[in-house]
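# Structural features, examined
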2 protein chains.
Amino acid sequence: MKKLIGNAIVGQSGGPTSAINATLAGVIRGALSSECIRTIYGMRNGIEGFLAEDILSLNGIFESEDKLKMLEHTPAAALGSCRKKLPTLGAEDSVYERIVDIFKKYDIRYFFYIGGNDSMDTVAKLSEYMGRVDYKVRIVGVPKTIDNDLFGTDHTPGYGTAAKYIATTVEEIVRDCSVYKIPAVTVVEIMGRNAGWLTAAADVARFVGGESADLAYFPERDFDMERFLRDVEDELGKKPNVVVAVSEGARFADGRYVGEGHQSGAVDVFGHKYLAGAGRVLEDEIKRRFGCKVRSIELSLPQRCAAHIASATDLCESVAIGRASVKAACEEGVSGEMMVFERMSDEPYTCAVGHKSVAEIANANRMMPEDFINEDGNGVTEACARYILPLIEGEAYPEYKSGVPVYLRF
Amino acid sequence: MKKLIGNAIVGQSGGPTSAINATLAGVIRGALSSECIRTIYGMRNGIEGFLAEDILSLNGIFESEDKLKMLEHTPAAALGSCRKKLPTLGAEDSVYERIVDIFKKYDIRYFFYIGGNDSMDTVAKLSEYMGRVDYKVRIVGVPKTIDNDLFGTDHTPGYGTAAKYIATTVEEIVRDCSVYKIPAVTVVEIMGRNAGWLTAAADVARFVGGESADLAYFPERDFDMERFLRDVEDELGKKPNVVVAVSEGARFADGRYVGEGHQSGAVDVFGHKYLAGAGRVLEDEIKRRFGCKVRSIELSLPQRCAAHIASATDLCESVAIGRASVKAACEEGVSGEMMVFERMSDEPYTCAVGHKSVAEIANANRMMPEDFINEDGNGVTEACARYILPLIEGEAYPEYKSGVPVYLRF
């Protein structure tokens with residue numbers, strides 16, 4: 001294969017995660033040690049910044065190992081992010097022409113894009129367009145999403161850290177809730193609009209001697225309010241403190257989200273509708289039915305940015321997949337593909353990095369397999385725990401100064 | 001002073017914290033090495049369990065250093081807690097007679113009670129009652145509360161860890177919120193019904209090179225909605241992403257909580273009132289005024305149980321004050337007092353353990369001093385940072401097994 005020599009550019013896109021900068025660090029490490037890449041540029045705010053030529057050289061910034069290490073532990077996209085999708089091919093090709101102009105101007109021959117579903121759409125379209133143009137650029141997608149819902153890969157970088165945060169936090173909440181003897185239910189609402197991967201993490205600690213949610217509900221199964229209330233009643237019969245994990249994406253059989261259906265009649269003094277969320281809705285229902293103490297907790301943003309409790313496995317793999325993307329592009333000539341993880345075994349956990357055509361991956365969501373959820377639809381199975389536990393193994397702590405984490409800003 | 005030899009009992013009461021078990025471990029350590037104490041008992045669920053004789057010997061459980069170490073890192077009250085207050089003296093003295101009977105039955109000569117305001121009320125009443133009875137028991141209160149609002153002590157065990165969690169999490173949220181370029185406001189609601197100590201922690205990282213909330217509001221200052229919206233407008237003029245920290249106890253000049261006043265007209269389909277909370281109310285107001293993206297986050301229970309990110313200073317001091325309580329009771333004959341911290345200096349931070357009459361401490365709340373809040377009432381001062389930073393210094397991590405923390409249950 002012919003060597004393609006020139007510059008490279010890397011961008012980040014979509015929702016932040018705690019590991020997306022570890023992947024960025026991996027791409028930078030790969031580029032700095034590649035014989036084919038002279039300068040590694042970064043684009044600010046993904047393809048949006050690229051089109052505005054908001055581009056900076058990363059070589060000078062990351063001369064030292066210290067900075068790269070710090071970047072690996074820093075949450076959220078250090079280069080900034082965007083939600084922009086490229087136009088359909090043929091519809092507005094001036095955008096693509098602009099991209100090619102910038103490629104030429106900066107002698108860019110490698111384009112690395114770290115992101116989720118929508119970002120892989122960008123990779124797919126750009127790859128297709130570049131196939132028609134007489135300018136060679138290798139375009140590689142590197143996955144990231146806490147949601148773990150990308151096709152084609154065993155799991156996604158960022159998921160392990162989010163899952164570790166959730167498993168740990170739910171264990172601590174279970175502890176907190178168990179100190180009183182009066183009946184009380186705590187509902188923890190967890191991210192995941194389309195799939196229950198994150199909510200599943202609330203239920204795995206019990207498989208390794210820890211404590212987890214008593215009940216867990218996922219978008220993969222229709223939510224039935226009566227069955228749910230019966231589940232809660234059963235648990236309250238066993239002990240005074242019940243902790244429930246529910247996915248924000250939990251849905252009734254008719255497709256309505258649990259979090260939207262219920263409060264359709266609720267308005268504030270200005271007539272605005274309240275969007276309560278699944279946790280709040282279940283809180284209300286439990287209060288009405290059982291009259292006991294109920295609290296709902298939304299884990300909210302910390303799920304995707306709590307880098308202080310990163311999974312060592314996740315951070316290590318996130319760096320590795322970034323680094324591997326450079327190697328694949330430079331040495332194998334890979335383009336139009338997304339890097340993926342291929343699990344070889346659960347025990348001992350071993351995982352390889354590969355790549356797949358991005359066209360099959362973009363714009364679709366991967367749900368949890370049938371056998372990861374128990375028959376009652378209110379918890380995970382051992383198969384699920386075997387899948388998740390290796391991904392949250394190990395602790396990768398950031399450096400601290402004067403009691404607060406040292407994160408990189410550049 | 002005459003040696004008082006017999007057994008001891010320890011209990012935990014009030015809301016859980018991440019360090020209340022470190023204090024329990026300190027009491028146990030002190031008792032195990034004291035010449036005056038034969039058996040150290042624990043009461044389950046505080047004074048409520050004591051009255052029900054739900055009492056267990058701790059000597060056997062904590063023979064090994066391993067278990068004590070594990071206990072130090074375990075969040076929430078391992079012995080269980082309660083909210084029970086003892087009756088006013090003279091009103092219902094049968095309760096006190098019952099206590100004395102149990103003291104005699106178990107030959108209890110030392111009574112250690114770990115708790116906050118209400119728990120010190122228990123210590124005060126019981127001490128007073130025991131002064132009238134011909135049975136000698138030394139009764140010592142050991143403070144705990146994440147709220148840091150107890151009088152008589154420089155700070156309270158548990159505050160440092162909660163403050164570290166808040167400083168870290170807000171720093172991570174600031175990161176997460178800064179990745180997009182579109183204007184957006186994020187409101188973080190923090191615990192503290194009566195005082196702003198916890199909310200202040202959201203604003204200290206910037207004094208040591210970290211990132212913190214752009215604006216912070218405390219119960220100590222009257223909340224003015226118009227001034228608040230002007231503050232937000234000013235910040236949005238400087239940068240697209242604004243992070244606001246607000247205490248759940250923020251109040252208008254007329255005494256109404258920010259979180260209750262606003263949504264008085266809001267009802268759900270069943271006619272129930274929504275209790276939105278300060279964060280949700282500010283979210284609505286910002287949305288109405290600026291029409292920009294707004295999100296509110298309640299830090300909720302993790303503030304008081306996130307032992308995975310404990311302050312090493314806090315855990316160490318929490319053990320020390322527990323241990324010192326046993327020494328004070330056994331060797332100095334202290335009774336009817338609460339253990340306190342006395343800060344000697346900020347830099348280097350040094351702190352001593354003392355004790356004060358519990359009668360002056362119980363049932364009152366300590367607010368932040370005037371000079372800890374800036375003139376505009378929307379942030380902390382350097383004096384405040386100097387006070388808080390030593391308390392969040394150092395990281396004390398729990399052990400993990402298979403990716404999840406190992407916490408003790410007994």
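Rules of the game
Residues numbered from 1 in each chain as written. Chains lettered and ligands numbered in written order. Predicted model: local features only at pLDDT ≥ 70, side-chain atom pairs only at ≥ 80, totals over all residues. Helix = DSSP H or I, 4+ residues; strand = E, 2+ residues; numbered from the N terminus. Rg over C-alpha atoms; globule rule 2.2 N^0.38 Å. Buried ≥ 20, exposed ≤ 12 C-beta atoms within 10 Å, placed from the backbone. Contact = placed C-beta atoms within 7 Å. Pairing = 2+ DSSP bridges. Axes fitted to C-alpha atoms, helices over the stretch in contact; angles between N-to-C directions. Nonpolar A, V, L, I, M, F, W, Y, C, P; charged D, E, K, R; others polar. Domains from an automatic or database assignment. Least-squares fit on C-alpha atoms with pLDDT ≥ 70 in both. Parallel < 35°, antiparallel > 145°, perpendicular 65-115°, else oblique. Left-handed = near helix turned anticlockwise from the far one by under 90°. pLDDT = per-residue confidence, 0-100. Expected span 1.5 Å × (residues − 1). Core = buried A, V, L, I, M, F, W, Y, C linked by C-beta atoms within 7 Å. Right-handed = clockwise from strand over helix to strand, strands pointing away.

On to the overall build of chain A. Along its length, chain A carries 13 helices and 15 strands. Taking 2.2 N^0.38 as the reference for a compact globule, 410 residues should give roughly 22 Å; the C-alpha atoms of chain A span a radius of gyration of 23 Å, in line with that estimate. Over its C-alpha atoms, taken along the principal directions, chain A stretches across nearly 70 × 45 × 40 Å. Residues classed as buried in chain A amount to 59% of the 410 residues present. A separation of at least 24 residues holds for 75% of the contacts in chain A among residues at least 6 apart in sequence.

With that out of the way, let us pick up the sheet that holds strand β1 (residues 6-12) of chain B. Residue and element names in this part refer to chain B. In space, the 7 strands of this open sheet follow the order β3-β2-β1-β4-β5-β11-β12, with mixed pairing throughout. Edge positions in the sheet fall to β3 (55-57) and β12 (350-357), since each of these pairs with one other strand and no more. Direction aside, neighbouring strands of the sheet carry axes that sit 30° apart on average. Across the face of the sheet, helix α5 (residues 117-130) comes into contact with β4 (108-115), β5 (138-143) and β11 (337-345) while running at roughly 170° to β5. Most of the contacts of helix α12 (residues 312-332) go to β5, to which it runs at about 165°, and overall it touches β2 (37-43), β4, β5, β11 and β12.

As a further point, take the interface of chain B and chain A. Counting from both sides, the interface comprises 58 residues of chain B and, opposite them, 57 residues of chain A. For the side of chain B that touches chain A, the elements supplying multiple residues, two or more each, are α6 (159-177), β9 (293-298), α11 (302-305), β14 (400-401) and β15 (404-405) of chain B. The leading source of residues in the side of chain B that touches chain A is α6 of chain B, at 9 residues. For the side of chain B that touches chain A, a count of residues per class yields 30 nonpolar, 15 polar and 13 charged.

With that settled, consider the domain arrangement of chain A. All names here are of chain A. Domain boundaries assigned for chain A yield domain 1 (6-154 + 308-362) and domain 2 (159-305). Centre-to-centre separation of domain 1 and domain 2, based on C-alpha positions: 34 Å. Across the contact, 16 residues belong to domain 1 and 16 residues belong to domain 2. Tallied by class, residues from the side of domain 1 that touches domain 2 come to 7 nonpolar, 6 polar and 3 charged.

Placing chain B over chain A gives an RMSD of 0.0 Å and needs a rotation angle of 180°, together with 0.0 Å of translation along the axis. Taken together, the turn and the small shift mark the pair as related by a two-fold rotation axis. Of the residues that chain B buries at the interface, 97% are likewise interface residues in chain A, meaning the two copies contact each other through the same surface.

This next bit is on the packing of helix α1 (residues 20-32) of chain B against helix α3 (residues 65-73) of chain B. All names here are of chain B. Viewed as axis vectors pointing N to C, α1 and α3 meet at an angle of 150°, and their least axial separation amounts to 6 Å. Comparing their axes, α3 and α1 come out roughly antiparallel. Judged by the twist between their axes, the crossing of α1 over α3 is left-handed. Residues N21, A22, L24, A25, I28 and R29 of α1 form the contact with α3, whose own contacting residues are L68, L71 and E72.

All right, on to the environment of A276 of chain B then. Along the chain, the position of A276 of chain B falls in the loop between α9 (258-261) and α10 (278-290). Taking the C-alpha atoms as reference points, A276 of chain B and E260 of chain B, separated by 16 residues in sequence, lie 6.9 Å from one another.

The next point concerns the confidence of the model for chain A. The predicted structure's coordinates, where accompanied by low pLDDT, should not be read in detail. Looking at chain A as a whole, the pLDDT averages 94, with 96% of positions reaching at least 70. Both scores are available for the predicted complex, with the pTM at 0.96 and the ipTM at 0.96.

The next thing to look at is α12 of chain B. Between its first and last C-alpha, α12 of chain B extends 28 Å over 21 residues, near the 30 Å set by a 1.5 Å rise per residue. G333 of chain B occupies a position one or two residues after α12 of chain B and carries a positive phi of about 70°.

What follows concerns the sheet that holds strand β9 (residues 293-298) of chain A. All names here are of chain A. Taken together, 4 strands build an open sheet; the order of strands is β7-β8-β6-β9 and the sheet is parallel. Where the open sheet ends on each side, the last strands, each with one partner, are β7 (215-217) and β9. Strand-to-strand twist across the sheet, computed as the mean angle between neighbouring axes with direction ignored, equals 15°. Strand contacts of helix α10 (residues 278-290): β6 (184-190), β8 (241-247) and β9, with the helix running at about 175° to β9, the strand carrying the most contacts.

With an omega of -5°, the peptide bond running from E347 of chain A to P348 of chain A counts as cis. Secondary-structure assignment places P348 of chain A in the loop between β11 (337-345) and β12 (350-357). The backbone phi angle of A76 of chain B is positive, close to 70°, even though this residue is not glycine. Note that A76 of chain B resides in the loop between α3 and α4 (94-105).

Restricting attention to buried positions, one finds in α3 of chain B the residues L68, M70, L71, E72 and H73 of chain B. Buried positions along α3 of chain B lie against α1, β10 (310-311), α12 and β13 (395-396) of chain B.

Attention now moves to the nonpolar core. V188 and V244 of chain A together with V188 and V244 of chain B are the most contacted members of the largest nonpolar core, which totals 269 residues. Non-local contacts of V188 of chain B, meaning those with residues more than four positions away in its chain, are made with V170, I173, A202, A213, V243, V244, A245, G279, I297 and L299 of chain B.

Moving on, we come to the environment of F290 of chain B. Here F290 of chain B is to be found in helix α10. Between the C-alpha atom of F290 of chain B and that of P183 of chain B, which follows or precedes it by 107 residues, the distance is 9.6 Å.

Residues and elements named next belong to chain B. With 5 of its 7 residues buried, β1 lies for the most part within the structure. As defined by bridge partners, β1 adjoins β2 across 4 bridges and the pair is classed as parallel. Looking across to β2, one finds that I9 is bridged to Y41. As a crossover connection, the stretch from β1 through α1 into β2 is right-handed.

This part is about the environment of R323 of chain A. Residue and element names in this part refer to chain A. Within the element layout of this structure, R323 appears in helix α12 (residues 312-332). It is 8.0 Å that separates the C-alpha atoms of R323 and A25, two residues lying 298 residues apart in sequence. What R323 contacts, discounting residues up to four positions off in sequence, is G26, R29 and G30.

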